[in-house]
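Take a look at the letters that make up each chain.
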Amino acid sequence: MSGQPVSFDTSHPPHGHPDNKGPSTDAADKPSTASKPPPTKPDPTTSDAAQGGQPSTAPSGSSELARLKIRLQRALRQFPDFPEPGVLFEDILPIFADHELHGALIRALELHVTSSYGIGSKPDVIVGLESRGFLFGPSLALRVGAKFVPVRKKGKLPGPTETESFMKEYGEDFFQMQSDAITAGQKVIVVDDIIATGGSAAAAGSLVKKLGGTLLGYVFMMELDFLKGREKLDAPVYTLLRGQEKSSEKEEPTKNEDDYDMPLRTGGFGSDPVPANKLTHNREQNEIPTHKPTASRQTHRTMSSGMKKIFSDKACPPAGPYTQAIQAGSTVYVSGQIPADAQGKLVEGSVGEKTECCCQNIRAVLEAAGTDISRVVKCNVFLTDMANFAEMNAVYEKHFAHKPARSCVAVHQLPKGVPVEIECIALAGDA
Ligand SMILES: O=P(O)(O)OC[C@H]1O[C@H](OP(=O)(O)OP(=O)(O)O)[C@H](O)[C@@H]1O
Ligand SMILES: Nc1ncnc2[nH]cnc12
């Protein structure tokens, strides 16, 4: 799928532009400057051939890095609606499928590390996150003379381990490191392909610190800027390539193919609505595509399904393959709301306080849909214990004063061990 507009601003050279030989304007270039060349001498494995045909005249670290980045950026692909509808998936694998690009990637990362962490702050350990961090972490470690240590999902590493939890698409997950993987005071860089919400990287950073390591920083191939994952990290963050920068381009005029004079990356849907949580769902209210969209079609045109996704950043974000609410015609279907806040964190307290949180989430989602709680037609309340009915009801009736139709059932279990969940169906604002 070529010829799709891209979303990043015009200060960035577009993907694949034939004239794009100048240095990237990416802020990520900053740590490496001509006045601060890499402290280590290039070794034979960083020769032109190994680097995929870089010029034989040794360029300065920063200009070489800029050129490598342009080549790498062109190779990226995006797949809309993978692994589920509404997700714009960044595919880094074409880089590894081409040995020159693969070499370029490792060289680019090496340039960053050697120029940013000179003598005295050279990393002792590169920590890679399962599983895509394993694709390049070991090669980078070899290049910079560090050891490689994996962070793995729970239950994969033998012997004593340290464990850290983090939130991902289907609830909580756990990362582990072997307890003896890092010795106290060792300097560590954490690497991974993508930082999205930052949960995985933050958990890895915590593990490094638990083991006594000194966290020098994080290095990613790509960042989904709008998710602000880097705010979860307390060490410097470097991102090599440009990822999705915005959750939606709704406010901007649709660009035409003619606005671009170059081939764009295969499968690029950069101007499309883009993901927002761990699996990066569309952040705003977006139409659900029912077929593979063309660039202009997916750029904010009404889709033939007529369904609209609703998202509120004031309610608990989706924690799986669902949307907070879907508007279909004049009806809004709100997914079951559990007592978790806008960061997805479970609220503590009584069943009454938890019911209050469920109701507040419903209010926020309905508001995002342009309607409100007084237009709720039907509620379904799920309790894990009917003994909590009265306490739930006392809070519920304050919110649903107009007494919509309701069912209340006791269920064996609810997600994340919560005692109450409430879903509802409402009339849309314009109904
Ligand atoms: O910043 P976050 O929101 O935590 O998301 C980023 C993580 O998500 C992806 O991994 P995934 O869990 O899909 O596993 P994989 O690498 O095994 O595919 C990606 O490779 C990062 O590790
Ligand atoms: N949009 C995305 N593409 C690839 N990997 C991801 N991990 C989290 N979000 C992702």
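Note: the structure precedes this text.
Residues numbered from 1 in each chain as written. Chains lettered and ligands numbered in written order. Predicted model: local features only at pLDDT ≥ 70, side-chain atom pairs only at ≥ 80, totals over all residues. Heavy atoms only, no water.

**Some details on the overall build of the protein chain**
Here is step 1 of the chain: Secondary structure assignment for the protein chain yields eight helices and 15 strands.
Here is step 2 of the chain: Taking all 431 residues of the protein chain together, 53% fall into the buried category.
Here is step 3 of the chain: The contacts in the protein chain between residues at least 6 apart in sequence include a share of 68% that link residues at least 24 apart.
Here is step 4 of the chain: Of the roughly 18700 Å² that the protein chain leaves accessible, carbon and sulfur atoms contribute 53%. (Helix = DSSP H or I, 4+ residues; strand = E, 2+ residues; numbered from the N terminus. Buried < 20%, exposed > 50% of the residue type's maximum accessible area, 1.4 Å probe, protein only. Contact = heavy atoms within 4.5 Å. Areas by Shrake-Rupley, 256 points an atom, 1.4 Å probe, with all protein chains shown as cover.)

**Description of the nonpolar core**
Here is step 1 of the chain: Leu 72, Ile 95, Leu 105, Ile 126, Phe 136, Ile 189 and Leu 240 are the most contacted members of the largest nonpolar core, which totals 37 residues.
Here is step 2 of the chain: Taken together, the elements giving at least two residues each to this core come down to helix 1 (61-75), helix 2 (93-96), helix 3 (99-116), helix 4 (137-144), strand 7 (187-195), strand 8 (214-223) and strand 9 (237-241).
Here is step 3 of the chain: Examining the composition of this core, we find that eight residues originate from one element, helix 3, more than from any other.
Here is step 4 of the chain: Those residues in contact with Ile 189 that lie beyond four places of it in its chain are Val 113, Tyr 117, Pro 123, Val 125, Ile 126, Val 127, Leu 216, Gly 217 and Val 219. (Core = buried A, V, L, I, M, F, W, Y, C linked by side-chain atoms within 4.5 Å.)

**What about unusual backbone geometry?**
Here is step 1 of the chain: Geometrically, the link from Phe 82 to Pro 83 is a cis peptide bond, its omega value of 0° lying close to zero.
Here is step 2 of the chain: Note that Pro 83 resides in the loop between strand 1 (77-80) and strand 2 (88-91).
Here is step 3 of the chain: Cis geometry is adopted by the peptide bond preceding Ser 131, which originates at Glu 130 and carries an omega value of -5°.
Here is step 4 of the chain: Residue position: Ser 131 is located in the loop between strand 3 (125-129) and helix 4.
Here is step 5 of the chain: Even without a glycine there, the phi angle at Lys 228 is positive, about 55°.
Here is step 6 of the chain: Tracing the backbone shows Lys 228 in the loop between strand 8 and strand 9.
Here is step 7 of the chain: Unlike most non-glycine residues, Lys 416 shows phi in positive territory, near 60°.
Here is step 8 of the chain: Relative accessible area serves as the criterion here: at 32%, Lys 416 is assigned to the partly exposed category.

**A closer look at helix 5 (residues 199-210)**
Here is step 1 of the chain: For helix 5, spanning 12 residues, the distance from its first C-alpha to its last is 16 Å, which sits close to the expected 16 Å at 1.5 Å a residue.
Here is step 2 of the chain: With nine of its 12 residues buried, helix 5 lies for the most part within the structure. (Expected span 1.5 Å × (residues − 1).)

**As for the packing of helix 7 (residues 351-368) against helix 8 (residues 389-399)**
Helix packing geometry: the angle between the two helix axes and the distance between the axes.
Here is step 1 of the chain: Viewed as axis vectors pointing N to C, helix 7 and helix 8 meet at an angle of 30°, and their least axial separation amounts to 8 Å. If you check the angle between helix 7 and helix 8, you find them roughly parallel. As helix 7 packs across helix 8, the resulting crossing turns out to be right-handed. Every residue of helix 8 that contacts helix 7 at Val 351, Gly 352, Thr 355, Glu 356, Cys 359, Gln 360 and Arg 363 is listed here: Glu 391, Met 392, Val 395, Tyr 396 and His 399. (Axes fitted to C-alpha atoms, helices over the stretch in contact; angles between N-to-C directions. Parallel < 35°, antiparallel > 145°, perpendicular 65-115°, else oblique. Left-handed = near helix turned anticlockwise from the far one by under 90°.)

**Some words on the sheet that holds strand 15 (residues 420-427)**
Here is step 1 of the chain: In spatial order, the strands read 10-11-12-15-13-14; together these six strands make up an open sheet with mixed pairing. Only two strands of the sheet have a single partner each, and these edge strands are strand 10 (307-310) and strand 14 (405-410). Within this sheet the neighbouring strands show an average axis-to-axis angle of 15°, counted without direction.
Here is step 2 of the chain: With five bridges joining them, strand 12 (residues 331-337) and strand 15 adopt antiparallel strand pairing. (Pairing = 2+ DSSP bridges.)

**A closer look at helix 1**
Here is step 1 of the chain: In a regular helix each residue adds 1.5 Å, so 15 residues correspond to 21 Å; helix 1 covers 21 Å between its end C-alpha atoms and thus fits that length.
Here is step 2 of the chain: Counted residue by residue, helix 1 has 12 buried out of 15 residues, so it is predominantly covered.
Here is step 3 of the chain: Residues of helix 1 that are buried: Gly 61, Ser 62, Glu 64, Leu 65, Ala 66, Leu 68, Lys 69, Ile 70, Arg 71, Leu 72, Gln 73 and Ala 75.
Here is step 4 of the chain: Residues of helix 1 that are buried sit in contact with strand 1, helix 2, helix 3 and strand 9.

**Some words on the site of ligand 1**
Here is step 1 of the chain: The immediate surroundings of ligand 1 are formed by 15 residues, with Ser 131, Asp 192, Asp 193, Thr 197 and Ser 200 found nearest.
Here is step 2 of the chain: Measuring from an oxygen atom of ligand 1, one finds a backbone N or O atom of Gly 198 at 2.7 Å.
Here is step 3 of the chain: Here ligand 1, which alone exposes 500 Å², has 85% of that area covered by the protein.
Here is step 4 of the chain: Those elements that place two or more of their residues in the shell around ligand 1 are strand 7 and helix 5. (Near = heavy atom within 4 Å. Polar contact = N/O pair within 3.5 Å; in protein donor to acceptor, adjacent residues only side chain to side chain.)

**Observations concerning the pattern of salt bridges**
Here is step 1 of the chain: Using the criterion set out here, one finds 11 salt bridges in the structure.
Here is step 2 of the chain: For the salt bridge of Arg 132 with Asp 193, the shortest nitrogen-to-oxygen distance reads 2.9 Å. You can see Arg 132 sitting in the loop between strand 3 and helix 4 and its partner Asp 193 sitting in strand 7, a full 61 residues away along the chain.
Here is step 3 of the chain: Since its relative accessible area comes to 32%, Arg 132 is described here as partly exposed.
Here is step 4 of the chain: Classification of Asp 193 by relative accessible area gives buried; the value is 4%.
Here is step 5 of the chain: Ionic contacts of the salt-bridge type, sharing partners, join the residues Glu 64, Arg 107, Glu 110 and Arg 143 into one network. (Salt bridge = Lys/Arg side-chain N within 4 Å of Asp/Glu carboxyl O.)

**Observations regarding the pairing of strand 4 (residues 147-153)**
Here is step 1 of the chain: Here five bridges tie strand 3 to strand 4, and the two strands are oriented parallel to one another. Along strand 4, the bridge assignment pairs Gly 128 with Pro 150.
Here is step 2 of the chain: The parallel pair strand 3 and strand 4 is bridged by helix 4, and the resulting crossover is right-handed. (Right-handed = clockwise from strand over helix to strand, strands pointing away.)

Note that every value here comes from positions in space, so none of it alone points to a role or purpose.
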